[in-house]
Structure formats: structure tokens, C-alpha cells
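What follows is the residue order along each chain.
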Amino acid sequence: MLQVKKGESAFRPLQIINEERSTHGLRYGDYTRYRTHCAHKTHRLRQSLKMTHGKGRDFKKLAPIAPENANDGHLQLLLFETERAWAHAQELSAPEEARRSTARYRRSHNYLSRLLTLARSPSLAAPLSPQATVELLVYALIHTARFNLRRSLSSTATYYGLQRGADSEVSENEDDTTSAYPLIHLSIAHALLEELESTAGTSKEVALARSFKDEIGPEIRWCVHEFNRGGNEEDEEDVELKQFVLKWKKREWDIDGIVGDIAPAYAENVIADYNALINGLKGKAPGDGHTIGKRHVLEELLWDNKPVPVRNPELVDVLLKVQEATGRLKSDASSEGTSINAKGGKGKNTRGRIAKYDGILLSLSDAVDEARKLVEAQQVSGSSSITSPGSENRDIHFMQSYLTFLHLTYRVERDLILLFALSDHASASGRHSSPQNTASILHLLSGVLQSLFQALALPIVDESPDLSTALSLRISHVKAQRALYLAQAYAHNSHKRYGEAVTLTQRGHLHIREARSTLAMLPEAFSSHLEFYPMQAETLDVLEARLKADEEQYKIEWFAYNGGVVGEQEPGSKHQKPVFFDIAFNYVQPPMERLRVRAGLPAIVVDEAGATKVNAKVLKAKAEEELEKEEEKEEEKPMMGRGGLSGFLGSWWGRK
């Protein structure tokens, strides 16, 4: 935890602004909600500082805040007044509200000037730390640049070269007219953020600096693209700046290069004692004045041996929880002298490891949800980040895919540990293990297969052909294992469905053949990101031999059972009803023997000893007797006389 030096202010403007904006509506562009929150916040601060404007309708004007009596509450009050006026200006985005929006922006700029004057006063009761001072200057530079960019003036040259006036409070040099350029302000703010990132003591401070750099990156690019467009070509007020801009016109995406040229040339003109401020920031070591625990610093995340930068402060907290959970698992494995990828043991050891994996999966689930929210917020707001050429475009979308892949791999690893434990128990009890054990194994294999399919569909996996092939190899192996255990379930003594079991083993051989062909396509010793699931040719050989042995055993048992006949039931068993049989026979025993006789099939006859056998002669005699009885009944039926007029008249002509 960051501990502030005694007598030093704990005011950190960028951290406060980032937390408030992301929590109260600005993540999704809801300026009305954020303005309401800022109004409530300022009201509470005024009440706690006893700086209210009186009661009722009587307005009481307050005296200026004296630096000797100012504390963090007074600085936060001015900061939230600035944010409230700025949010109101952003809320009035309609063209007919342009004048009101500009007036609110001027009001926010006025509050910001008062905040800068109070914070940089030498007689301040609790002076700001170098980090807080730099953060406040970055906030002022970004706010001033955006205020100047929204002014609708006649010429583009004046649009970018706004003359210094009462609105600017950054520099004391009144003769310099180029310091108010928004491009210069944003470039210097970007350079200061780089210094904050390099001198940060915690991972959250690093992510905070990166997030603000990504936020102003598109604005710097737009300034370079639109510089001097439609302006006065004869204006030679700042030839050096024009040369810088023309140099980077065709490489507007290189934000670091643009900032590297513009910021050093104009930093001293914009900010008084710029170099002294940077030296003070670098001279304050992370361990000087505050202590930082290892649990507040993230380990470097790697993907394909390249770093994955965390550019969102919201992700740092959840990733620290993930790091803590994985650390417990690693320490447990190192204390036992085994690797994390070792197959599961027995008893309490396995249960303890599964509990640690559950903790990792829970923290990773929170991280994936947070990344998903950030992606949705970016899609709703329509914003995008401009990254440097060396960053491999690893933005929040890449981070979401990366965290999802980690979550799926840890879930597969956990299921494999349980699977190994159940497989050892099944092998100890023989091939005919309990149906409950086999059902548990099949359930775990289905979960592993689902996780592997989800990982195969991720964008970062599509970009790596070798990783996609390795995942396809594991999928074929899991399918073959599932066919093996599913065949055991069909061939169990409670079912004895050997035909289905043999078919499943044959399908397992097809999956083994597919896995062999996939393994041949992979480069040698490729196990990137899948070290927990090693796959070699020997593993496939063992599984194939097991499938062959089970298939031979199923054929032997099938032949001993009913001679290998498909569809025949066990002798003496109760007849199964045909599919879609009449519902009336649900409560009546169907005459299956008679139906078999009429269908021309041999019937089952029970002899005196109770044995069942098929007697075709007896069945034929019974069938003939039944047919004779039916014919006699038809002959004995009396002829029904005709009644009515036809019968009466028929006797006249001799008809019976």
C-alpha cells in the first residue's frame, strides 16, 4: 500500500479523476450522470469544510481560500467544481447550445486556474508531492488544449495559434505566443505522462499513465493532420513548429516520434522550471518516502515471448488478485517438490490443489468480466486508442482475449487433474469400473472439450497457426479418450450393448489417426501456452493400444453373449415394446408371441424345466389351429335375413 510521507499532501488528481469518471457514468459517455455526481460531491465537500454559501435565499460570498489553511479537501473541491463545469459543457453538445457550452467551459477553466494557483503556492500548508504536481500539470495541459480546440474561429491558423490571454495559467512568460498551441500542450502532457510511467512505484500508476496517453493520442494525431489546413500560408510566426508538423505529416500514427520532437523544444516555454520538475520527479525514488509491497506490482505478462502491457487501471486490481492466487499455487507446488503440471495425487493433496485452482478461476473470471465491460464501453463511446508501433496493437480487445485464454487453460488444467485422479481409481478397480465413476470422467472430458473449442475460437489463437494446430491436436486426443470411456459405459454389465461399444472404439481409432496427422504438422518441441497438457507420439500410442485391447475384449464378450447378433435380446428377458406402440398396452401385457407368429418369426417357448427355446413345429401347429378356429367361426355365422319391403317381395320370386 502506498504510504505518503509525513507533512506531504495525498492529493493525486489523475487518480481521483480516473476513478470518478469510470465509476459514475463517463465510461459510457453519460455526462448528465457525471455532472450530477460532481454536484453532490462538491456539496458534501462544502459541508465538511464549512464553506457553504449560507442558508435559504441569502447568498453568502465566500472569501478566497488561504494557502496556509488549505488542505486536500479544498483542492478536491476546486477539482470537482472544474469537472462539474466541464461535464456540463460536454452535455450541451447541440449546435444551438454552443454559447452556453463555451460559457461552462470558461467557468471550468476559471476553477482550474484557481486550483493551479493554490496548489503551486509556496505557502501551502501541505505541499504536493512531485508526482501530484506533475499530474496536476498534465490535467491542466489537457484541459486547456481541449478548450482551445473547441473554439470556432475564422482561420485554422488562429484556431491552432490562440494568443495567450487570461485563460492560460500554465506559464509565466507572456511574450511567447506559441505556447498556447493545443498540439504543443498535448505533446508536453504526453511527455510528462511518459515520465510518470517510468518513475511509477506501483502497477496501477503505470496503467494510469498509459490510459491517459492512449486518451490524448488520437487528439495529437488529429492536430498534426489538420495543422495549418486552410490557414494563412504567409504566417511565419512559428516556422520551427511547421517544420516539425510537415516532418510527421506522413507518419501521423507515430505519436512517440511527434512528442519526441515537439515536447523538448517548447516545454520550458510552457511550464516554468520544467527541467527542475522532471529532475525532482526522477530523484524521488519509489522507496523514498513511501513503501511499496510486492503485491502492488504486477509481474510481466507475456504472449509469444512479448510483453502484454496493462493499459487500464481498472484491470490492475483484478490482475493482482490473479497473481496472488497463482502465487499460492506455485508456492504449494515448490514446497512439495513437484511441478504444477504434475498429475493429481490422492486425498487431501488433490483437494487442496483443486481449491487453489478454484481461487485462480474465480479471480480470472472477475478479470474477464472487467475486460468485457471495458470493451463494451469502448464500443458504446466509439473511442479508440492509438498505440505505438512497438506495442503490437495490444489494446483492450487483445487483453480480453488473453485473459479469456488464461481462464480456459486453467479450467482445462483443473479438469485434467480431476480426470487423472478418477482414471487412476478406475484403473485400480479394473476395466468394469462403477457407472458413477465413468459418468464423472465423461462429464470432465466434455468440459475439457468445450473449453478447448472456446479457446480455439479466440482471435489471438487465430493469429497463431501453430497454437491453433496444437489445440486441434488436444481436441482429437480428448475425443479419442471420450470414445474410450463411452464404450466402457455401453459395455457395462448393466447394459451389454456391445455393438455400440465396438463402434465407439472404431471411432476412437479415427480420432487417433487424425491426431497423428496433426502432430506431424507441428514443429518439434512446440508447447507454447500448453505446457500443462503435454502431447507426444508415445501418448497417442498408449491410448491406441488401450482402444485395441478394449475392442478385442468387447468382441469376445459380444460373441459369448448372443453370438454377435445385432438387435437380439437376452433369452428369457421381457419383450421391449416397439417404438410408438399403441398407448393402450401401457397397462396390458402385449401378445408378443402371437405377433411374432403372425409376422413369420420363430417364437420363444418355455419347456417344463423352465428353459426357453425356439420350437418351429409347435409354433406351426399352433398357428394352423388358430387359423382353423377362425375359419370355423366364419362358417358358423348365421346368414342375416333381409328385412323390410325387399325381403317381403323377394319371396314372390322364389328368393330365400
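Worth saying up front: this structure is predicted, and the values here are computed from it rather than measured.

## Thoughts on the packing of aromatic side chains
- Inspection of every chain in the model, using the stated rule, returns 6 aromatic pairs.
- For the pair tyrosine 105 and phenylalanine 147, a centre-to-centre distance of 5.4 Å together with 35° between the ring planes defines the contact as tilted. Here tyrosine 105 is found in helix H4 (residues 98–119), whereas its partner phenylalanine 147 is found in helix H5 (residues 130–149), with 42 residues between them in sequence.
- For tyrosine 105, a relative accessible area of 2% corresponds to the buried category.
- In this structure phenylalanine 147 comes out as buried when scored by relative accessible area, which is 1%.
- Residues tryptophan 303 and tyrosine 402 carry aromatic rings whose centres are separated by 5.9 Å and whose planes lie at 90° to one another, so their mutual orientation is edge-to-face. Of this pair, tryptophan 303 sits in strand S1 (residues 302–303) while tyrosine 402 sits in helix H14 (residues 396–428); the two residues are 99 residues apart in sequence, bridging distant segments of the chain.
- Put simply, the rings of Trp303, Tyr402 and Phe405 touch in pairs and so form one group of aromatic residues.
- Here the basic side chain of arginine 21 rests over the ring of tryptophan 86, its NZ or CZ set 4.5 Å away from the ring centre.
- If you follow arginine 474 out to its NZ or CZ, it ends over the ring of tyrosine 533, 5.8 Å from the centre.

## Some details on the packing of H5 against helix H11 (residues 274–283)
- Running from N to C, H5 and H11 point in directions that differ by 135°, and their axes come no closer than 9 Å. Classed by the angle they form, the pair H5 and H11 counts as oblique. Here H5 runs over H11; the crossing is left-handed. Contacts from Pro130, Gln131, Thr133, Val134 and Leu137 in H5 reach Leu277, Gly280 and Leu281 in H11.
- Of the residues contributing to the contact of H5 with H11, the split by class is 5 nonpolar, 3 polar and no charged.

## Side note on the confidence of the model for the chain
- Of all residues in the chain, 74% have pLDDT values of 70 or greater, and the mean over the chain is 79.
- Within the model, the stretch residues 230–237 combines pLDDT values under 50 with 13 contacts to residues more than four positions away or in other chains.
- Counting interchain partners and residues more than four positions distant, the pLDDT-below-50 stretch residues 287–291 has 11 contacts.

## Some details on the pattern of salt bridges
- Evaluation of the coordinates by the stated rule reveals 26 salt bridges.
- Of the charged contacts, one joins glutamate 135 and arginine 12 as a salt bridge, the two residues approaching to 2.9 Å between their closest N and O atoms. Of the two residues, glutamate 135 is situated in helix H5 and arginine 12 in the segment before helix H1 (13–23); the sequence distance between them amounts to 123 residues.
- One salt bridge in this structure joins aspartate 214 and arginine 311, with 2.7 Å as the shortest N-O distance. Taken as a pair, aspartate 214 in helix H8 (residues 203–226) and arginine 311 in the loop between strand S2 (306–307) and helix H12 (313–336) lie far apart in primary sequence, 97 residues in all.
- The class for aspartate 214 is buried, based on a relative accessible area of 10%.
- A relative accessible area of 16% places arginine 311 in the buried class.
- Bridged by salt links that share partners, the residues Arg12, Glu135 and Glu205 form one connected network.

Conventions and cut-offs
Residues numbered from 1 in each chain as written. Predicted model: local features only at pLDDT ≥ 70, side-chain atom pairs only at ≥ 80, totals over all residues. Heavy atoms only, no water. Phe/Tyr/Trp six-rings, centres within 6.5 Å; stacked < 30°, edge-to-face > 60°. Helix = DSSP H or I, 4+ residues; strand = E, 2+ residues; numbered from the N terminus. Buried < 20%, exposed > 50% of the residue type's maximum accessible area, 1.4 Å probe, protein only. Lys NZ or Arg CZ within 6 Å of the ring centre and 35° of its normal. Axes fitted to C-alpha atoms, helices over the stretch in contact; angles between N-to-C directions. Parallel < 35°, antiparallel > 145°, perpendicular 65-115°, else oblique. Left-handed = near helix turned anticlockwise from the far one by under 90°. Contact = heavy atoms within 4.5 Å. Nonpolar A, V, L, I, M, F, W, Y, C, P; charged D, E, K, R; others polar. pLDDT = per-residue confidence, 0-100. Salt bridge = Lys/Arg side-chain N within 4 Å of Asp/Glu carboxyl O.

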